[in-house]
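Structural description and commentary
This is what each chain is made of:
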Amino acid sequence: MIRLDKVCRLFQVGDQEVRALDDVSMVIENGDYLSIMGPSGSGKSTLLNVIGLLDRPTSGTYTLDDRETTALNDDELAHTRARRIGFIFQSFHLVSRMTAFENVELPLVLAGVAPAERKPRVKKLLDDLSLTDRGHHRPDQLSGGQRQRVAIARAMVMQPTVLLADEPTGNLDHASGAEVLAAIEQLNARGITLIVVTHDNEVGDRARRHIRMRDGKVVDDFASKRTP
Amino acid sequence: MSLADLLKLAIDSILRARMRSSMLLLAMGIGVAAVIVLTGLGEAARRYVAGEFQVLGTRLIIVIPGRSETTGIQPGLFSGETPRDLTLGDAQSLRAIPDVERVAPLIIGAAPISARGREREVPVLGTTADYIGIQTTEVTEGQFLPPGEIDVDRAICVIGSNVRHELFGDGPAVGESLRIGERRFRVVGVLANQGRSIGFDTQELVIVPVSAAQALFNSGSLFRVLVQTRSRDSMLRIRDRVIAVIKARHQGEEDVTVITQDALLATFDRIFTALTLTLAGIASISLGVAGILVMNVMLVAVSQRTAEIGLLKAIGATRRQVLSIFLAEALLLSMAGAVVGIAVGQAASWFVRKLYPALPLAAPLWAYVLAVTTALVSGIVFGMLPARRAARLDPVEALSGRK
C-alpha cells in the first residue's frame, strides 16, 4: 500500500521556487490500476518519481507497505527500489551494448542473485512477454514494442509490488503501444499495483482510478465509470 | 553483486564499446609509449656523452715525479737535493689504497725495432696489464700484456697497427718475434686501429712490460704513474691519499706532482646536470601529455553514460555499486593501456636501435614505473570523478540527461 501524506516537492529554478508537488495526499491500495494525467509541468512525473523513490519529498511523509521512506538513506532507498518497485520509461533506457537477456538480468546481478538462479527467472519472463527468441538480440536489433517489453521484463524480474510506467507508449506506434499496455495490464491482473503517467487520454482511460494534476496539485481523483 | 559479476560487467562493457575502448587504449598507449621512447632517447644521449667523457679518462689521477712550482725555485735545487725517482715500488704501494681500481706505471722512450730485415725507430712504452683498462685502446689480435708480477721481466710486446703492417705486412704478427734495441721480443698482441692515449698515437706504439722497458732504457725511474679510481666521487680523496703514500715512501718529501682533471670534471658535472634536467623535463612533459590524453577520453566516455548511471540507480544499484562498476572498467582499461604502451614503446625503441646502433635506446626502469603509474592514476581518477558525480546525481536528472 502506498500512502502519501501532505507531500511537497520544491525545485529551485534560478531565484524562483517551483512547487512541483503541492500538498499531495493519497492512498493507493495494492493491486490498483491508476493513471496520472495532466499538462506538462503539472507535477505528474515528479509524483511518479517520488512514489518510485527516485526523488525525495521536500516535506510530508511517504509510507510504502507500512514503511516510512523519508528517513531511509541512499543505500536503503536503492535496496527498496530494487525489491519493491519496477520502472518503465518512455525512452526504454535499455543498456545498448547488452543483449535483451543481459538487460533483464541486470537487476538480479546487482542484487547478487546467483547465476544459476538468474537464468530460469529471466528466461521465464522473456517467454511470458513473447520474447523467447529475442534474448540474444541487442536493443538496436529490436522493434520499439519489443524494446519496451524487454524493459517490462527487466522491471518485473525482481518481482516488485509496484510497476511505474512513465509515458510507456509515448515512443510507440498504436499497435505496439496496445501490445505493451496489454502486457502491463496482464501483470496488474495478477496483483501488481500499476501506475501509468500519460497525457494520452486513450491510454489513461483504461485505468480503474484516474488522477488529474495541475500546478502540483491533485485536481481530480475518481474511479472509472465503466466497469472493466 | 559478486566480484565475478562485476568483472564480467566491466569486461563486457570494454569489449562491446569498441570505439570508446580503442580510443582510450590509443591515448594510454601513446602516452606511455611517448614516456618510454623519449626518456629512452634522453637516457641514451646522456649515456653517450658520459661515455665520451669516460674516454677522456675522468677517473684518472696522473702522478709525475718532481714537484712543479709555478713560482720560486725548486726546493731540491736550493738544498742541493734532486727529487727522488718514482719507482715501481711506489706504483705498487698505490695499489693498496682503497677504491683504486687500476695502477699503470709508465716508462717511455724511443728505440729502434726490427723484424725480417725491416727497421724503424718507434716510441716504446713500458707498462703493465692495467694500462689497457685505463685507456680506450682495444686489442684486435692476440692479447695485451698478461697480468702478473709487475717486476718480472718478460720479453713480450704488443704493437700498434701501423707498426704491425710495416713489419709484418698482411702475414700473421702474433707469435712472431721482433728486435727492440739488442733484445728479441715475442709479439703477443696488436692494438686496434683507433684510440688515443694521452699524448701517444697508439698506432705507432710498441708496448712492453715495465721491467723490460727499465732494462731496455737502463733506468729504474718511472715517467708517470696512472691511477684509475673506482668512481668519480672518490677522486679528490684518493688524490690526497696518493700524495700521502708517496710522501711517506720518500722520507716525508712531497716530491711528486699529482694531476686530476679538475676543470674537465667541473665541465662534465655541468653537462651532466643539464642532461639530467633535460631528461626530467622530457619525462614530465610526456607524462603530462599522457595524463591529459587519458583524462579527456575518460571524461567524455563517462559523461556520455550519465543516463546509464541513472538507470542503474533506478533499478536498485547503490552508489557504491555504480562506482565499483566504473572503477573496475577504468582499472582494466588503464592496465590494458599501460601494457599496450609498453609494447609500443619497446617496439619503437627496438626499431631505433636497429636504425642507429650507436644510440642504445633503452628507457630507465623509473620511466616505466612513472609512465604506468601515471596512466593508471589518471585513468582511475578521471574515470571515477565523472562517475562519482553521476552516481551522486538524482537518478531522475541522470535519466533525463539534463546534467
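Counting its regular elements, chain B contains 13 helices and 12 strands. Within the span of chain B, comprising 403 residues, buried residues form 39% of the whole. A fraction of 81% describes how many contacts in chain B between residues 6 or more apart in sequence connect residues 24 or more apart.

Looking only at helices and strands, chain A has 7 helices and 10 strands in total. Across the 228 residues in chain A, those meeting the buried criterion constitute 45%. Considering only intrachain contacts with a sequence separation of at least 6, the fraction spanning at least 24 residues in chain A is 69%.

Our next topic: the pairing of strand 10 (residues 206-209) of chain B. All names here are of chain B. Pairing geometry for strand 3 (residues 118-127) and strand 10, over 4 bridges, is parallel. Looking across to strand 10, one finds that Leu-125 is bridged to Ile-207. Bridging between strand 5 (residues 156-159) and strand 10 involves 2 bridges; their strand directions are antiparallel. The partner of Ile-159 across the bridge, within strand 10, is Val-206.

This part covers helix 2 (residues 74-84) of chain A. Looking only at helix 2 of chain A, the buried set comprises Ala78(A), Arg81(A), Ala82(A) and Arg84(A). Against strand 4 (59-64), strand 6 (85-88), helix 3 (100-111) and strand 7 (162-166) of chain A together with helix 10 (306-314) of chain B lie the buried residues of helix 2 of chain A.

With that settled, consider the nonpolar core. Grouped together as the largest cluster of nonpolar side chains are 116 residues, with contacts concentrated most on Ala153(A), Val32(B), Val35(B) and Ala371(B). It is helix 2 (residues 18-55) of chain B that provides the largest number of residues to this core, a total of 12 residues. Listed in part, the 50 residues of the second largest apolar core include Val63(B), Cys157(B), Ala173(B) and Met235(B).

This brings us to unusual backbone geometry. All names here are of chain A. Of note in the backbone geometry, Asp-23 takes a positive phi value of approximately 55° without being a glycine. Tracing the backbone shows Asp-23 in strand 2 (residues 16-28). Classification of Asp-23 as partly exposed rests on a count of 14 C-beta atoms within 10 Å. Phi is positive for Asp-66, close to 65°, though the residue is something other than glycine. Residue Asp-66 is classed as exposed on the basis of its 7 C-beta neighbours within 10 Å.

What follows concerns the interface of chain A and chain B. Many descriptions give the size of an interface as the accessible area lost when the pieces come together. Counting residues at the interface gives 21 residues for chain A, matched by 22 residues for chain B. When contributions to the side of chain A that touches chain B are tallied by element, the ones reaching two or more residues are helix 2 and helix 3 of chain A. Among the elements that line the side of chain A that touches chain B, the one with the most residues is helix 2 of chain A, at 6 residues. Of the residues assigned to the side of chain A that touches chain B, the class counts are 11 nonpolar, 4 polar and 6 charged.

What follows is about the environment of Leu106(A). Examined against the element boundaries, Leu106(A) turns out to sit in helix 3. Between the C-alpha atoms of Leu106(A) and Val95(A), which are 11 residues apart in sequence, the distance is 9.6 Å. Setting aside residues up to four positions removed in sequence, Leu106(A) forms contacts with Arg154(A) and Ile315(B).

What follows deals with the sheet that holds strand 5 (residues 67-68) of chain A. Residues and elements named next belong to chain A. Strands sit in the order 2-1-4-5 across an open sheet of 4 strands; the sheet is antiparallel. The open sheet terminates on both sides in strands that have one partner only, identified here as strand 2 and strand 5. Direction of pairing for strand 4 relative to strand 5: antiparallel, over a ladder of 2 bridges. Note on strand 5: the bridge partner recorded for Leu-64 is Arg-67. Its contacts with the sheet put helix 1 (residues 44-51) on strand 1 (2-13), strand 2 and strand 4, and the angle it makes with strand 2 is roughly 60°.

This next bit is on the packing of helix 3 of chain A against helix 5 (residues 144-156) of chain A. All names here are of chain A. At a minimum axis distance of 7 Å, the contact between helix 3 and helix 5 shows a crossing angle of 25°. Taken together, the axes of helix 3 and helix 5 are roughly parallel relative to one another. Note on packing geometry: the crossing formed by helix 3 with helix 5 is right-handed. Note on element contacts: helix 5 touches helix 3 through Val-150, Ala-153 and Arg-154, opposite Ala-100, Asn-103, Val-104, Leu-106 and Pro-107. Among the residues making up the contact of helix 3 with helix 5, the classes are represented as 6 nonpolar, 1 polar and 1 charged.

A few words now on the environment of Arg56(A). If you trace the backbone, Arg56(A) turns up in the loop between helix 1 and strand 4. Taking the C-alpha atoms as reference, Arg56(A) lies 7.6 Å from Arg9(A); in sequence the two are 47 residues apart.

So, on to the sheet that holds strand 3 (residues 33-37) of chain A. All names here are of chain A. Strand order in the open sheet formed by 6 strands is 6-7-8-3-9-10, with mixed pairing between adjacent strands. Sheet topology places strand 6 and strand 10 (217-223) at the edges, where each strand pairs with a single neighbour. Averaged over all neighbouring strand pairs, the angle between strand axes comes to 15°, with direction disregarded. Looking at chain direction, strand 6 and strand 7 are connected through 4 bridges and run parallel. Along strand 7, the bridge assignment pairs Ile-85 with Val-162. Packed on one face of the sheet, helix 1 meets strand 3, strand 7, strand 8 (193-197) and strand 9 (209-214) and runs near 150° to strand 8.

Looking now at helix 1 of chain A. All names here are of chain A. In terms of residue burial, helix 1 counts as a mostly covered element, since 8 of its 8 residues are buried. Burial in helix 1 covers these residues: Lys-44, Ser-45, Thr-46, Leu-47, Leu-48, Asn-49, Val-50 and Ile-51. Looking one or two residues past helix 1, Leu-53 carries a phi angle of roughly 65°, positive in sign.

Moving on to the packing of helix 5 of chain A against helix 6 (residues 174-189) of chain A. Helix-helix packing: each pair is described by the crossing angle between the helix axes and the interaxial distance. All names here are of chain A. Close contact between helix 5 and helix 6 brings their axes to 9 Å; oriented N to C, the two are set at 15°. The angle between helix 5 and helix 6 falls in the class roughly parallel. Considering the relative orientation of helix 5 and helix 6, their crossing is right-handed. Along the contact surface, helix 5 presents Gly-144, Gly-145, Gln-148, Arg-149, Ile-152 and Met-156, while helix 6 presents Ser-176, Glu-179, Val-180, Ala-183, Ile-184 and Leu-187.

Once that is clear, we can look at the confidence of the model for chain B. Residue and element names in this part refer to chain B. Per-chain confidence: chain B averages 81 in pLDDT, with 90% of residues scoring 70 or above. Ranking the elements of chain B by mean pLDDT puts helix 3 (residues 75-79) last, at 48, and strand 10 first, at 92. Note that residues 76-81 has pLDDT below 50 and, in this model, 4 contacts with residues that lie over four places away or in other chains. As a predicted assembly, this complex carries a pTM of 0.65 together with an ipTM value of 0.87.

Calculation rules
Residues numbered from 1 in each chain as written. Chains lettered and ligands numbered in written order. Predicted model: local features only at pLDDT ≥ 70, side-chain atom pairs only at ≥ 80, totals over all residues. Helix = DSSP H or I, 4+ residues; strand = E, 2+ residues; numbered from the N terminus. Buried ≥ 20, exposed ≤ 12 C-beta atoms within 10 Å, placed from the backbone. Contact = placed C-beta atoms within 7 Å. Pairing = 2+ DSSP bridges. Core = buried A, V, L, I, M, F, W, Y, C linked by C-beta atoms within 7 Å. Nonpolar A, V, L, I, M, F, W, Y, C, P; charged D, E, K, R; others polar. Axes fitted to C-alpha atoms, helices over the stretch in contact; angles between N-to-C directions. Parallel < 35°, antiparallel > 145°, perpendicular 65-115°, else oblique. Left-handed = near helix turned anticlockwise from the far one by under 90°. pLDDT = per-residue confidence, 0-100.

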